[in-house]
Amino acid sequence: MTSALLTDLYELTMLQAARQAGTASRRSVFEVFTRSLPEGRRYGVLAGTGRVLDAIADFRFDEADLRYLRRTGVLDEETLAHLADYRFTGDVHGYEEGELFFPNSPVMRLEGTFEDAVMLETVILSILNHDSGVASVGSRMITAARGRPCIEMGGRRVHEDAAIAAARAAYIVGFASTSNLAAGAHYRVPAAGTSAHAFTLLFDSEEEAFRAQIASQGVGTTLLVDTYDVDAAVRLAVEIAGPELGAVRLDSGDLGAQSIRVRALLDSLGATSTRITATGDLDEFRVEELAQAPLDGYGIGTRLVTGGGHPAPGFVYKLVEREGADGQMHPVGKRSQDKATLGAGKRAFRMLVGDRAHAELVLPGEAEIAEFQRELTAELISAEASPEWRRTNLRPLQVPMIRGGEPVQSLRAPQQVEAARARHAASFAELALDVEDGPDGPIAIPTVTDGIEAARVLR
């Protein structure tokens, strides 16, 4: 299956009507952005960009696609013939995968003709909304874990393809490994896993189950100790494996209280280096509550892969600029209540003082940068602001990804993921958030659109 049918019918009916009206070839600029962040979220994390670029490259209508579309009876033969030859020939600029985003951040910009870009709306949004939803909550979980490794293990809670994408997104924001073998094979995300309760229940005794697992996987394995009696299981595990036992896993009950008791018991048995891993309906808030518990890692599933209560960041794909009958480009935008959009293709920068982010700067067009810098300088000088502001620099957020339909940089899937993981770590560090503040709080930095607003932030 190609990616061409991962779209909505109205995108094709718009294309047909525009072609019949003679406007389909007008130059157009579309942008992807979200108007707001979920309440309490301090930032969002962009994920899925690499998958989007792959989907655009694969956006081809093959014979099977065209036969299906012909059977619907909605499109005429001229439109079907156009679709048969369709290739995206425009340009794409966007935030690098793993980058943070804020309200109105233009995370992706597509430039081309209307017929070039209009059909890509659904596939782009479906990927970015899903992957960024996972990445945004996953980053919060990693922060709450305070350096303790986290394993993604939510594949059984979502569609099988979404499970792979979720594991990829989780790894980008710092998860150490995944239970999903397909994600391991395709994206080289480290895979991890040992046993479930079913393995213990298979045997006539817990001792037989532990001995079988250790015989197969070695003493460095992780034994699940809450099938029956936790204390008895821990004693039995150390008796069989010795003090070199790798780890024990707790999957139920009061994880905080249990971990304290288990840590003391392990230490008393000489297993001082044996780790304790916690699993069982964890989210960033529960992980935060366990910050002082003697735990060495977490396995997180449902709340991660479903976006932690906010499965989609609300990305939209809007036409912001198009060619008019006069041959010139004109900004366009909705004026409807609560859904108004700012016209014109925009450029975005992270405004830094030294290494710390202070604002998201979004400007309409290249020429606005000089005006912004003049306004900022004048405002800060007149306010006799601290000389610190002179260290202000603007880090460009949008990079070229596709030019004339051709990818600017071709990376293998694992390379995409590693690059995104590094980008996220660097971008998150710029916020300099205090982990002790907890997961929720005000938006980390404001989005500003001129030098006067930016000066208020810096004063």
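Shown above is the structure to which this text applies.
Described in the following lines is the structure provided in the data block. The structure presented is a predicted model; accordingly, all values stated were derived computationally and were not measured. (Residues numbered from 1 in each chain as written. Predicted model: local features only at pLDDT ≥ 70, side-chain atom pairs only at ≥ 80, totals over all residues. Heavy atoms only, no water.)

## Quick notes on the overall build of the protein chain
Looking only at helices and strands, the protein chain has 17 helices and 19 strands in total. Along the first, second and third principal axes, the C-alpha set of the protein chain runs to 85 × 70 × 40 Å. Taking all 459 residues of the protein chain together, the buried fraction comes to 50%. Long-range contacts, defined here as pairs at least 24 residues apart, represent 76% of the contacts in the protein chain between residues at least 6 apart. On the protein chain, roughly 20400 Å² of surface is accessible, and the fraction owed to carbon and sulfur atoms is 51%. Computing the positive centroid from 47 side-chain charges and the negative centroid from 65, the protein chain places the two 2 Å apart. (Helix = DSSP H or I, 4+ residues; strand = E, 2+ residues; numbered from the N terminus. Buried < 20%, exposed > 50% of the residue type's maximum accessible area, 1.4 Å probe, protein only. Contact = heavy atoms within 4.5 Å. Areas by Shrake-Rupley, 256 points an atom, 1.4 Å probe, with all protein chains shown as cover. Lys, Arg positive; Asp, Glu negative; His and termini not counted. Charge placed at Lys NZ, Arg CZ, Asp CG, Glu CD.)

## Looking at the packing of helix α6 (residues 121–145) against helix α7 (residues 160–172)
At their nearest, the axes of α6 and α7 sit 8 Å apart, and the two run at 45° to each other. In terms of orientation, α6 and α7 fall into the oblique class. Taken as a pair, α6 and α7 cross one another with a handedness that is right-handed. Between α6 and α7, the contacting residues are His130, Asp131, Val134 and Ala135 on the first element and Ala162, Ala165, Ala166, Arg168, Ala169 and Ala170 on the second. Grouping the constituent residues of the contact of α6 with α7 by class yields seven nonpolar, one polar and two charged. (Axes fitted to C-alpha atoms, helices over the stretch in contact; angles between N-to-C directions. Parallel < 35°, antiparallel > 145°, perpendicular 65-115°, else oblique. Left-handed = near helix turned anticlockwise from the far one by under 90°. Nonpolar A, V, L, I, M, F, W, Y, C, P; charged D, E, K, R; others polar.)

## A short note on the side chain of Glu321
Residue placement: Glu321 occurs in strand β12 (residues 316–323). No salt bridge forms around the buried Glu321; measuring N to O, its nearest opposite-charge neighbour Arg347 is 6.4 Å away. From its side chain, Glu321 meets the backbone nitrogen of Gly345 in a polar contact 2.7 Å long. Each residue touching Glu321, except ones within four places of it in the same chain, is listed here: Arg27, Ser28, Val29, Met329, His330, Pro331, Val332, Ala344 and Gly345. (Salt bridge = Lys/Arg side-chain N within 4 Å of Asp/Glu carboxyl O. Polar contact = N/O pair within 3.5 Å; in protein donor to acceptor, adjacent residues only side chain to side chain.)

## Examining the pattern of salt bridges
A side chain with one charge may pair with a side chain of the opposite charge, provided their charged atoms come close. Tallied over the entire structure, the rule returns 26 salt bridges. Linking Arg140 and Asp440 is a salt bridge whose minimum nitrogen-to-oxygen distance equals 2.8 Å. Taken together, the residues span a long stretch of sequence, with Arg140 in helix α6 and Asp440 in the loop between α16 (413–431) and β19 (447–448) at a distance of 300 residues. Judged by relative accessible area, Asp440 falls into the partly exposed class, the value being 37%. One network of salt bridges, with partners in common, ties together Glu99, Arg350, Glu360, Arg395, Arg423 and Glu430.

## As for the environment of Asp434
Looking at where Asp434 falls in the secondary structure, it is placed in the loop between α16 and β19. Polar contacts involving the side chain of Asp434 include one to the main-chain amide nitrogen of Glu436, which spans 2.9 Å.

## Remarks on the sheet that holds strand β13 (residues 329–331)
Spatially, β13-β12-β1-β5-β3-β17-β18 is the arrangement adopted by the seven strands of the open sheet, whose pairing is antiparallel. Two strands in the sheet have a free side with no partner beyond their single neighbour: β13 and β18 (406–407). When strand β3 (residues 91–95) meets strand β5 (residues 108–113), the two strands line up antiparallel, connected through four bridges. Bridged to Val92 within β5 is Leu110. Running over the sheet, helix α2 (residues 49–57) touches β3, β5 and β17 (398–403) and is turned about 20° from β17. (Pairing = 2+ DSSP bridges.)

## Some points on unusual backbone geometry
With a phi close to 55°, Arg146 is a non-glycine residue in the positive phi region. Relative to the helices and strands, Arg146 resides in the loop between α6 and β6 (150–152). Judged by relative accessible area, Arg146 falls into the partly exposed class, the value being 27%. Positioned with a positive phi, Asp281 is a non-glycine residue whose angle comes to about 55°. Here Asp281 is to be found in the loop between β10 (275–278) and α13 (284–289).

## Focus: helix α12 (residues 255–268)
It helps to recall that an α-helix has 3.6 residues per turn; residues three or four apart then point in one direction. Taking 1.5 Å as the rise per residue, α12 with 14 residues should run 20 Å; its terminal C-alpha atoms sit 20 Å apart, in good agreement. Within α12, the full set of buried residues consists of Leu255, Gly256, Gln258, Ser259, Val262, Arg263, Leu265 and Leu266. Residues of α12 that are buried sit in contact with α11 (230–241), β9 (247–250), β10 and α13. For α12, the side-chain oxygen to backbone nitrogen distance between the N-cap and Gly256 is 3.3 Å, and the N-cap itself is Asp254. Phi for Gly270, located one or two positions after α12, is positive at around 90°. (Expected span 1.5 Å × (residues − 1).)

## Topic: α7
Here α7 contains 13 residues, and its C-alpha end-to-end distance of 19 Å stays within 8% of the 18 Å for a straight helix at 1.5 Å per residue. In terms of residue burial, α7 counts as a mostly covered element, since ten of its 13 residues are buried. Those residues of α7 lying buried are Ala162, Ala163, Ala165, Ala166, Ala167, Arg168, Ala169, Ala170, Tyr171 and Ile172. A positive backbone phi angle near 120° is found at Gly174, which sits one or two residues after α7.

## Details of the packing of aromatic side chains
In this structure the tally under the stated criterion is seven aromatic pairs. Between Phe30 and Tyr317 the ring centres are 4.9 Å apart and the planes differ by 20°, which places this aromatic pair in the stacked class. Separated by 287 residues along the polypeptide, Phe30 in strand β1 (residues 27–33) and Tyr317 in strand β12 bring together distant segments of the chain. As far as the burial class goes, Phe30 and Tyr317 line up, both buried. On the numbers, 5.7 Å between centres and 85° between planes, the contact of Phe59 with Phe61 is edge-to-face. In this pair, the class of Phe59 matches that of Phe61, namely buried. An aromatic cluster of three or more residues is present, and its members are Phe30, Phe114 and Tyr317. Looking at Arg168, its charged tip hangs above the ring of Tyr187, at a distance of 5.2 Å from the centre. Here the guanidinium or amino end of Arg421 rests over the ring plane of Tyr171, the centre of that ring lying 4.0 Å away. (Phe/Tyr/Trp six-rings, centres within 6.5 Å; stacked < 30°, edge-to-face > 60°. Lys NZ or Arg CZ within 6 Å of the ring centre and 35° of its normal.)

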